[in-house]
Amino acid sequence: MSILDGLNESQLEAVRTVEGPLLILAGAGSGKTRVLTRRIAFLAAEQNVLVDRILAMTFTNKAAGEMRERVEDLLERSCRGMWIGTFHSLCARILRSEAESVGLQQNFSIYDTTDQMALLRRVVRDQEMSEKQYPPRQIRARISREKNRMVDVAMFSQRASTYYEQEIARVYRQYQDALRQNNAVDFDDLLVTTVRLFQNHPEVLEKYQNQFDYLLIDEYQDTNRPQYLFAQYLAEKHKNICVVGDDDQSIYAWRGADLRNILDFEQDYPSTKVIRLEQNYRSTQIILEASNAVIRHNLGRKGKELWTERVSGDPIRLKRCQDEREEARWVSGAMQDLKQSGKYRYQNMGVLYRTNAQSRALEDGMRRAGIPYDIVGDVRFYERKEVKDILAYLKLVANPRDSVSFSRIINTPRRGIGDTSVSRLDDFAMREGLSPYAALAHLEAVETIPARAKKMMATFYEMVEAFRAEMGQLRADQLAEKIVSETGYLEEVNKLAPGEAESRRNHIQELLTDMEVFVEQSEDVSLEAYLRNVSLVTDVDQWAADADRVTLMTLHSAKGLEFPLVFICGLEDGLFPIIRPGEDGVAEEEAMEEERRLFYVGITRAQDRLFLSYAALRRRYGGTSSSSVSRFVGEIPEDLIDSEFRISEITPSRERKKTKPRPVLLPSGDAFPMERGTWVYHPAWGRGQIQNRSGTGQNTKLQIRFEGGETKTVVVKFANLQSG
DNA sequence: ATACCCTTCATTTTT
DNA sequence: TGAAGGGTAT
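Residues numbered from 1 in each chain as written. Chains lettered and ligands numbered in written order. Predicted model: local features only at pLDDT ≥ 70, side-chain atom pairs only at ≥ 80, totals over all residues. Heavy atoms only, no water.

1. What about the overall build of chain A?
Along the backbone of chain A there are 30 helices and 21 strands. Computed over its C-alpha atoms, the radius of gyration of chain A comes to 28 Å, within 12% of the 27 Å expected for a compact globule of 724 residues. The C-alpha extent of chain A, read off along each of the three principal axes, is 80 × 65 × 60 Å. For chain A, the proportion of its 724 residues judged to be buried stands at 53%. Roughly 33,000 Å² of accessible area belongs to chain A as shown, and the carbon and sulfur atoms make up 46% of that amount. A distance of 4 Å separates the average location of the 100 positive side-chain charges in chain A from that of its 108 negative side-chain charges. (Helix = DSSP H or I, 4+ residues; strand = E, 2+ residues; numbered from the N terminus. Rg over C-alpha atoms; globule rule 2.2 N^0.38 Å. Buried < 20%, exposed > 50% of the residue type's maximum accessible area, 1.4 Å probe, protein only. Areas by Shrake-Rupley, 256 points an atom, 1.4 Å probe, with all protein chains shown as cover. Lys, Arg positive; Asp, Glu negative; His and termini not counted. Charge placed at Lys NZ, Arg CZ, Asp CG, Glu CD.)

Written as structure tokens, this is what we have:
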């Protein structure tokens, strides 16, 4: 098969445009992955580019793995030297080889959210701050947000004006110090530290700039500030940067993704060529029309209209249900009918919802109807206690300074070492400038710990020391096996209730098997090599596509997937779009647009048929709340929908108003509609376009993006705006 | 050191 | 509704 076979015109152009900045706006189902992989293959096979001079960045391991595999299929050879990976894994790789430049040891640990929380709790406690007033959860989110904006401790402290902010700054500082002492970084740090490395060590940056001639980035709409900078630095010299994304599918702003990265790409890279992939190969016309109609309500977008050669297809089914139980019955009933028709199998059906909590009722319905199902994103494998415990042993063995792993296992399985003894050890370690683990070697100097606890600690120390001594000789899986048996972990598990014990044993076994597989496939069979790999993997592909099961998942998890039949449940105002009180106008509008993009993502997952449902009454948090149909449903043209009731009949007129565009308010003076998208003229700033608005009348605040590139917020009564 | 009750608190989660 | 963390009683 030739690399250019079967591509449409724009795809072909995207593949062949090799030099210079390239922005590929790839609509849902437009063959984006295909273009990316062909492009890499084209570079290698037709342009004689060495694969190790190509750097391809994705967000998930799955995407990275698939990309590599497909490129290898196309080239019919291995691409071992090619750097394809997630932003995080690529950064980790760079940091490991440049560790000393950033004050880390090469074997540093990577902390996930749970580890972060554990460390933060300790920091907050050590500062004698109340966890009530400074909930670690919130502080974690805040620190993460700051990192996503490249705000470091110094900057943050400087900006902290209120007492509360100053306290947060203090925790942020302590937390970073603690990480460093633990020879650890968190997920955000992987990116931030690499960018700082590039900023502070030009010679290192230059080395990597010279190493890669071609950059490719997938899902560019989801990049945050550090990711943006990472790519920008590397592309600085040659500007051979190709980004693929869809602004309409940006659904991770709450995690730091910055839509401006894709919206402003053309300004950031002046001679950018833009290619739109608008032919959709996935969905029927009806489904596409619905998605186009919905997304058109958003203003902050590049603008795209998807089209298809597929038939118009079946109308969208809309069902109003009494409550979530009836909704589940309706969904499962429909699934059975469709299965019985012989046209579809269960694996062709996906059920999507806004919140995980909704899965319970749906699950019940599936069970009652006897429909086999999988839930994606349940408890993740690597987040299970038993798995984390075993990994903590391994991480401590590899990095003895890792105090989070240490605290996790010092008394796991229980060996009679209580919290008090551990915190006394911590105090001692702190005084002596040692890691808690290293302090175990000097127990005789700690008078406050009772002899019994000391003895247990000493035994623990010798045990781990023995593991450490063997680390060089044993394969990763052998060492893990040893740990599972010699620590007494299995015995402890066996004391649990039979069902629980079995499930945990299975997970431990799964981990061991996973390690065996790794060892078989890897040249480097050491523990360090395994840990390097595992710290950034979040779930083993739990999703067996061959089983005939329906899939239940959140709309977020559905991105990138497709199903012949898609059910979107819980389409109620307040639930989807989810509405959180207490946000100001601008943020609210932005949040609404993101919700709409999420709905757009949901709709465009469907190939053949789309089913929508909502419940008039829904139990939420114990209580019951009544709600009306989602405003998003009203954005789908009625003639595409087939429901027992027309929407106009089921929606009281009072509710219906909400789904209509807001009345346009005119300011006095030079009249122009104060709605988003309108062009205005500002005496000082010149021409600009309204991005957002909040408030009413003369007090309305408008966020305006001016032609100079700046975005300002102005109050109508002071701004003296004119129609532009 | 641990078992059990009580309070609190709830979107989404690629790494 | 129910999970998770904290506090108290054993």
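Let's pick the thread back up.
2. Concerning the pairing of strand E17 (residues 679–682)
By the alternation rule, side chains of E17 split into Val680 and His682, which are all buried, and Trp679 and Tyr681, of which none is buried. Bridge analysis of E17 against strand E21 (residues 722–723) gives two bridges, and the strand direction is antiparallel. When the sheet's bridge partners are listed, tyrosine 681 is paired in E21 with glutamine 722. (Pairing = 2+ DSSP bridges.)

3. Some points on the packing of helix H17 (residues 385–398) against helix H21 (residues 451–470)
Close contact between H17 and H21 brings their axes to 9 Å; oriented N to C, the two are set at 70°. If you check the angle between H17 and H21, you find them roughly perpendicular. Where H17 abuts H21, its residues Tyr393, Leu396 and Val397 lie against Phe460, Met463, Val464, Phe467 and Arg468. Grouping the amino acids of the contact of H17 with H21 by side-chain chemistry returns seven nonpolar, no polar and one charged. (Axes fitted to C-alpha atoms, helices over the stretch in contact; angles between N-to-C directions. Parallel < 35°, antiparallel > 145°, perpendicular 65-115°, else oblique. Contact = heavy atoms within 4.5 Å. Nonpolar A, V, L, I, M, F, W, Y, C, P; charged D, E, K, R; others polar.)

4. As for the packing of aromatic side chains
Scanning the entire structure with this criterion turns up 20 aromatic pairs. Each ring, one from tryptophan 330 and one from phenylalanine 611, has its centre 6.3 Å from the other, and the planes form 65°; the classification is edge-to-face. One end of the pair, tryptophan 330, is in helix H15 (residues 324–340); the other, phenylalanine 611, is in strand E14 (residues 606–620), with 281 residues separating them in the sequence. Of the residues examined, tryptophan 330 reaches a relative accessible area of 14% and is grouped as buried. Taken together through their ring pairs, the aromatic side chains of Phe59, Phe87, Phe198, Tyr208 and Phe230 make up a single cluster. Positioned above the aromatic ring of tryptophan 83, the side-chain terminus of arginine 93 is 3.6 Å from the ring centre. Seen from the ring of tyrosine 621, arginine 620 lies directly overhead, with NZ or CZ sitting 6.0 Å from the centre. (Phe/Tyr/Trp six-rings, centres within 6.5 Å; stacked < 30°, edge-to-face > 60°. Lys NZ or Arg CZ within 6 Å of the ring centre and 35° of its normal.)

5. With respect to the confidence of the model for chain A
Averaged over chain A, the pLDDT score is 87; the fraction of residues at 70 or greater is 91%. Scored below 50 in pLDDT, residues 646–670 makes 35 contacts in the model with residues more than four places away or belonging to other chains. (pLDDT = per-residue confidence, 0-100.)

6. Describing the protein's contact with DNA strand C
Surrounding DNA strand C, one finds Arg121, Glu131, Arg360, Tyr621 and Gly622. For DNA strand C, the backbone makes up 33% of the atoms found within 4 Å of the protein, where backbone means sugar plus phosphate. Split into classes, the residues belonging to the surface near DNA strand C amount to one nonpolar, one polar and three charged. (Near = heavy atom within 4 Å.)

7. Quick word on the packing of helix H1 (residues 9–16) against helix H2 (residues 32–46)
Two elements in contact, H1 and H2, have axes separated by 8 Å at closest approach and are oriented at 40°. Judged by the inter-axis angle, H1 sits oblique to H2. In this structure, H1 crosses over H2, and the sense of that crossing is right-handed. Residues Gln11, Ala14, Val15 and Arg16 of H1 lie in contact with H2, whose contacting residues are Arg34, Val35, Arg38, Arg39 and Phe42. Partitioned by chemical class, the residues of the contact of H1 with H2 number four nonpolar, one polar and four charged. (Left-handed = near helix turned anticlockwise from the far one by under 90°.)

8. Concerning unusual backbone geometry
Residue proline 413 follows threonine 412 across a cis peptide bond; omega there is -5°. Inspection of the secondary structure assignment puts proline 413 in the loop between helix H18 (403–409) and helix H19 (419–432). Residue proline 577 follows phenylalanine 576 across a cis peptide bond; omega there is 5°. Along the polypeptide, proline 577 turns up in the loop between strand E13 (563–568) and helix H27 (585–603).

9. Concerning the sheet that holds strand E1 (residues 22–26)
One open sheet holds the six strands; their spatial order is E3-E2-E6-E7-E1-E8, and the pairing between them is parallel. In this open sheet, the two strands that pair with only one neighbour each are strand E3 (83–86) and strand E8 (273–277). Across the sheet, the mean angle separating the axes of adjacent strands is 15° when strand polarity is ignored. As defined by bridge partners, strand E2 (residues 54–58) adjoins E3 across four bridges and the pair is classed as parallel. Considered in E3, the bridge of threonine 58 is made with threonine 86. Taken strand by strand, helix H4 (residues 87–97) contacts E2, E3 and strand E6 (214–217), and its axis lies near 115° from that of E3.

10. Examining a negative patch on the surface
A contiguous patch of negative charge, built from Glu66, Glu69, Asp73 and Glu76, is present on the exposed surface. With respect to the element layout, glutamate 76 can be found in the loop between helix H3 (61–75) and E3. Glutamate 76 sits in the exposed class, given a relative accessible area of 72%. (Patch = residues over 30% accessible without salt bridge, like charges linked within 9 Å, V, L, I, M, F, W, Y side chains within 5 Å. Salt bridge = Lys/Arg side-chain N within 4 Å of Asp/Glu carboxyl O.)

11. What about the side chain of glutamate 327?
Mapped onto the elements, glutamate 327 comes out in helix H15. When residues no more than four places from it in sequence are discounted, the contact partners of glutamate 327 are Cys321, Cys569, Gly570, Ser613, Tyr614 and Arg618.

12. Observations regarding the nonpolar core
Core analysis: the biggest nonpolar cluster contains 51 residues, and Leu391, Phe460 and Tyr530 have the highest contact counts within it. Other than its neighbours up to four places away in sequence, phenylalanine 460 contacts Tyr393, Leu396, Phe406, Ile409, Ile410, Arg415 and Leu440. Ranked by size, the runner-up nonpolar core spans 46 residues in total, among them Leu25, Val192, Leu234 and Leu263. (Core = buried A, V, L, I, M, F, W, Y, C linked by side-chain atoms within 4.5 Å.)

13. Here we look at the pattern of salt bridges
Inspection of every chain in the model, using the stated rule, returns 49 salt bridges. Where aspartate 112 meets lysine 388, a salt bridge forms, and the shortest distance between an N and an O atom there is 2.9 Å. On the criterion of sequence distance, the pair formed by aspartate 112 in the loop between strand E4 (109–111) and helix H5 (113–126) and lysine 388 in helix H17 is long-range, its members being 276 residues apart. Here the two residues aspartate 112 and lysine 388 agree in accessibility, since each one is buried.

14. So, the pairing of E6
Alternating positions in E6 separate into two faces, Tyr214 and Leu216 on one and Leu215 and Ile217 on the other, with burial throughout. With four bridges connecting them, E2 and E6 associate as parallel partners. Each bridged residue has a counterpart across the sheet, and for alanine 56 the counterpart in E6 is leucine 216. The pairing of E6 with strand E7 (residues 241–245) spans three bridges and is parallel. Counterpart to leucine 216 in the pairing with E7 is cysteine 242.

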